[in-house]
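Below are the chains, spelled out letter by letter.
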Amino acid sequence: MPALIAGVPEDRLAAFAAREARRFAASRPLSAKAMAKGSGVYLSGVPMHWMTDWPMPHLPLVAEAHGARLTDIDGYGIDDFCLGDTGSMFGHSPAPVAKAIRRQARRGLTYMLPSEAALEAGRLLTETFGDFRWQIATTATDANRFALRVARAVTGRPKVLVFNGCYHGTVDDTMVTLADGKTVTRPGLMGQVTDLSQTAVCVEFNDLAAVEAALAKGDVAAILTEPVMTNSCMVLPAPGFLDGLRKAATKAGTLLIIDETHTISTGRGGYTRVHGLSPDIFVVGKCVAGGMPTAVWGLTPTVADRYHQANVNRPSGHSGMGTTLSANPMQFACLVATLGEVMTKENYARMEKGAARLANGLADAIARHHAPWHVVRVGARVEFICAPGPLKNGTEAAHAHQPAVEGAVHVGLLNRGSLIAPFHNMMLVSPVTKKGQIDRLIASFDEILTDLFPPSQT
Ligand SMILES: Cc1ncc(COP(=O)(O)O)c(C=O)c1O
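Residues numbered from 1 in each chain as written. Predicted model: local features only at pLDDT ≥ 70, side-chain atom pairs only at ≥ 80, totals over all residues. Heavy atoms only, no water.

Enquirer: In this structure, what is going on with a nonpolar patch on the surface? I would like to understand it.
Expert: A contiguous nonpolar patch, built from Met48, Trp50 and Phe423 and spanning about 270 Å² of accessible area, is present on the exposed surface. Looking at the element boundaries, Phe423 is found in the loop between β17 (418-419) and β18 (426-428). (Patch = residues over 30% accessible without salt bridge, like charges linked within 9 Å, V, L, I, M, F, W, Y side chains within 5 Å. Areas by Shrake-Rupley, 256 points an atom, 1.4 Å probe, with all protein chains shown as cover. Salt bridge = Lys/Arg side-chain N within 4 Å of Asp/Glu carboxyl O. Helix = DSSP H or I, 4+ residues; strand = E, 2+ residues; numbered from the N terminus.)

Laid out in structure tokens, this is it:
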């Protein structure tokens, strides 16, 4: 009997992976040739190092993208369920955003002064996400970094509490993990010379007792969390967990920072609005300006008052927050277009319906093939996980991750015309994703499971 990986016999997996890799390589000669010729100027051959994480034998070069579809230079149309890992969650170049870009391009790209659109964007941010005092950043990484700085400044405490397996961008402060119950610096970090456990504490998601014990020491400035862990295999909050976090933070004088960069998939206003959370600091990036590099962070009026006091009382000089190109007029034009015309209730309703169809279809296929896998969904964000579920925390999520199976399935899906996110098995349904695209993905998934799971198991 061959060994099983995520329920798949090893020999079947190896044969399938080899077949799909050959099929991909044979079908994309132009991309292969262009990459071989032109990528030598880049470190590791790619303009962003994580592009090497895609599982295909080589990268397809994208010619253009419209709606929820990419075309590569080999002429293949690809149904895009990765959608720039959320940056294009509302589809590629939504018409109101493209129009705003064209209009703003005639008026200047950056000038270190606000435009009228800045004021309208602020109004729309509050209308969409709640009563916060806003700042604009260019990436969610920056927004989280600045939010943490404010939390430390106003509480006078050194530490951030994060959950094992979290990801909030390349914010060094959060790059810790649990090893034998202790907080340690993540071992894979490049060039990190500081012991990050001095300024961070890591506990498991859904473990309220561990959170309370960590906060009891009185040195935690902020809890930084997603409402749902989306950056490992997806982990949903247990009933009462988020409410418990809020209460524990308030009791300990710790601020609660909710990072909605991925859970903005939940509905208009993010998980916070849909589920009535009350963070002290709210962060969202990626798709908030329709794909134009933009992130926002907002403080409740109470935290904003504390910020002003801390600001008045500090010595003059650099605050450690802000980047030159942030809060530029192009970002405001795109924020206004996205918040006003793209992030609408109607669009979210379409996304919800399509994502439910996708999740049900995938779950049916998994059940039909008796695969020991499961499906999770948060609004427009759907994920199949190659392990039984539900998962409770980051440790369980790490064990559920099956790179060999996942990589083969991803390449198999792409050979059949669907692209899903590279780092895990995440799929997004945009308002312009068509029913036919969803059904094609489900059918391809079913076909792949037929290949992977022996008929005797079905
Ligand atoms: C929850 C969360 N926060 C922040 C970030 C960082 O976003 P960016 O890479 O745009 O800075 C990410 C990126 O995946 C994320 O998933």
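Anyway, onward from the coordinates.
Enquirer: It is not clear to me how the side chain of Arg28 should be interpreted in this structure. Could you clarify?
Expert: Turning to its location among the elements, Arg28 is positioned in the loop between α1 (10-27) and α2 (29-38). In terms of polar contacts, Arg28 uses its side chain to reach the side chain of Ser27, at 3.4 Å. Setting aside residues no more than four positions away along its own chain, Arg28 makes contact with His58, Pro60, Asp72, Asp74, Tyr76, Ile78, Leu414 and Asn415. (Polar contact = N/O pair within 3.5 Å; in protein donor to acceptor, adjacent residues only side chain to side chain. Contact = heavy atoms within 4.5 Å.)

Enquirer: For this particular structure, what's the right way to read the side chain of Arg186?
Expert: Assignment of secondary structure puts Arg186 in the loop between β9 (182-185) and β10 (200-203). At 9.5 Å, Asp172 is the nearest oppositely charged side chain to Arg186, a buried residue that forms no salt bridge. In terms of polar contacts, Arg186 uses its side chain to reach the backbone carbonyl oxygen of Cys166, at 2.9 Å. Leaving out residues up to four positions away in the same chain, Arg186 has contacts with Gly165, Cys166, Thr174, Met175, Val176 and Thr177. (Buried < 20%, exposed > 50% of the residue type's maximum accessible area, 1.4 Å probe, protein only. Lys, Arg positive; Asp, Glu negative; His and termini not counted.)

Enquirer: Just to check I follow, could you spell out the site of the ligand for this structure?
Expert: The environment of the ligand is formed by 13 residues, the closest being Thr141, Asn231, Asp259, His262 and Lys286. Contacts to the ligand include Thr141, whose side-chain N or O atom sits 2.6 Å from an oxygen atom. For the ligand, the protein covers 85% of the area, taking 390 Å² as the surface of the free molecule. Sorting elements by how many residues they give to the shell around the ligand places helix α5 (residues 140-155) first, with 3 residues. Residues that form the shell around the ligand fall into these classes: 2 nonpolar, 8 polar and 3 charged. (Near = heavy atom within 4 Å. Nonpolar A, V, L, I, M, F, W, Y, C, P; charged D, E, K, R; others polar.)

Enquirer: Quick question: what am I supposed to make of the layout of surface pockets here?
Expert: Empty pockets left among the atoms are what a rolling probe the size of a water molecule brings to light. The volume enclosed by the second largest pocket comes to roughly 460 Å³. What lines the second largest pocket is a set of 20 residues, among which Gln135, Ile136, Ser326, Ala327 and Phe332 lie closest to the centre. Counting residues per element, the ones that place at least two in the lining of the second largest pocket are α4 (116-129) and β6 (133-137). No other element matches the 4 residues that α4 contributes to the lining of the second largest pocket. Looking at the lining of the second largest pocket residue by residue, the classes come out as 14 nonpolar, 6 polar and no charged. (1 Å grid on protein atoms, 1.4 Å probe; cavity = no way out; pocket = protein on both sides within 12 Å on 5 of 7 lines; lining within 4 Å. Points joined across faces, edges and corners; volume = space filled by probe spheres on them.)

Enquirer: I would appreciate a short explanation of helix α3 (residues 95-105) in the present structure.
Expert: Helical periodicity: at 3.6 residues per turn, an α-helix aligns residues three or four positions apart in one direction. All of the buried residues along α3 are Val97, Ala100 and Gln104. Viewed end-on, α3 has its buried residues packed into an arc of 60°, placing them on one side of the element. Of the residues in α3, the exposed ones pointing more than 90 degrees away from the buried face are Ala95, Lys99 and Arg102. Against α10 (329-342) lie the buried residues of α3. (Arc of directions from axis to C-beta.)

Enquirer: Could you clarify how one ought to interpret the pairing of strand β7 (residues 159-163) in this entry?
Expert: Two faces belong to every sheet, and in a regular strand the side chains alternate between them. In terms of burial, β7 is largely enclosed, as 5 of its 5 residues are buried. Burial of the side chains of β7 extends over both faces: Lys159, Leu161 and Phe163 are buried on one face and Val160 and Val162 on the other. Pairing between β7 and β10: 4 bridges, direction parallel. Across the sheet, residue Leu161 finds its bridge partner in β10, namely Val201. (Pairing = 2+ DSSP bridges.)

Enquirer: Could you clarify how one ought to interpret the pattern of salt bridges in this entry?
Expert: With the rule as written, the count across this model stands at 20 salt bridges. One salt bridge connects Arg416 with Glu447, and the closest N-O pair in it is separated by 2.9 Å. Highlighted residues: Arg416 in the loop between α13 (403-415) and β17 and Glu447 in helix α14 (residues 435-452), separated in sequence by 31 residues. What you see here is one network of salt bridges that share partners, running through Glu120, Arg123, Glu127 and Arg268.

Enquirer: It is not clear to me how the environment of Glu127 should be interpreted in this structure. Could you clarify?
Expert: Residue position: Glu127 is located in helix α4. Residue classification places Glu127 among the partly exposed positions, given a relative accessible area of 42%. For Glu127, the residues in contact, after removing those within four places along its chain, are Arg268 and Arg273.

Enquirer: It is not clear to me how the nonpolar core should be interpreted in this structure. Could you clarify?
Expert: Taken as a class, soluble globular proteins show a tendency for nonpolar side chains to be buried jointly. Counting residues in hydrophobic clusters, the biggest one holds 46 residues, and the most contacted among them are Met89, Phe90, Phe129, Ile264, Leu335, Leu339 and Met343. When contributions to this core are tallied by element, the ones reaching two or more residues are α3, α4, β6, β13 (281-284), α10, α11 (345-368), α13 and β18. For this core, the element with the most residues is α10, which contributes 7 residues. Not counting residues within four places of it along the chain, the set of residues in contact with Leu335 comprises Ala121, Ile136, Val288, Ala289, Thr294, Val296 and Gly340. (Core = buried A, V, L, I, M, F, W, Y, C linked by side-chain atoms within 4.5 Å.)

Enquirer: What is the right way to look at the packing of aromatic side chains in this model?
Expert: Geometry of an aromatic ring pair is reported as the spacing of the ring centres plus the angle between the planes. A full pass over the atoms with the stated rule returns 15 aromatic pairs. With 5.3 Å between their ring centres and 90° between their planes, Phe163 and Phe205 make a pair best called edge-to-face. Within this pair, whereas Phe163 is found in strand β7, its partner Phe205 is found in the loop between β10 and α6 (208-215), the two being separated by 42 residues in sequence. The pair formed by Phe163 and Phe205 is uniform in burial state, with each residue classed as buried. Seen in terms of ring centroids, Phe163 and Phe241 are 5.8 Å apart; in terms of plane orientation they differ by 65°. Their pairing is edge-to-face. One end of the pair, Phe163, is in strand β7; the other, Phe241, is in helix α7 (residues 241-252), with 78 residues separating them in the sequence. Note on Phe163: relative accessible area 1%, which makes it buried. Since its relative accessible area comes to 3%, Phe241 is described here as buried. Across the ring face of Tyr76, the terminal group of Arg28 is positioned such that the distance to the ring centre comes to 4.2 Å. (Phe/Tyr/Trp six-rings, centres within 6.5 Å; stacked < 30°, edge-to-face > 60°. Lys NZ or Arg CZ within 6 Å of the ring centre and 35° of its normal.)

Enquirer: Is there a simple way to think about unusual backbone geometry in this case?
Expert: Excluding glycine, most residues fall at negative phi; most peptide bonds, likewise, are trans. Omega for the bond connecting Gly389 with Pro390 falls within 30 degrees of zero, at 0°, which places this linkage in the cis form. Residue position: Pro390 is located in the loop between β16 (381-385) and α12 (394-400). Unusually for a residue other than glycine, Ala6 sits at a positive phi of about 55°. Tracing the backbone through its elements, the reader meets Ala6 in the loop between β1 (4-5) and β2 (8-9). One non-glycine residue, Met112, lies in positive phi territory at about 60°. Turning to its location among the elements, Met112 is positioned in the loop between α3 and α4. On the basis of relative accessible area, Met112 is assigned to the exposed category, the value being 66%.

As far as function goes, none of this settles anything; it's purely spatial.
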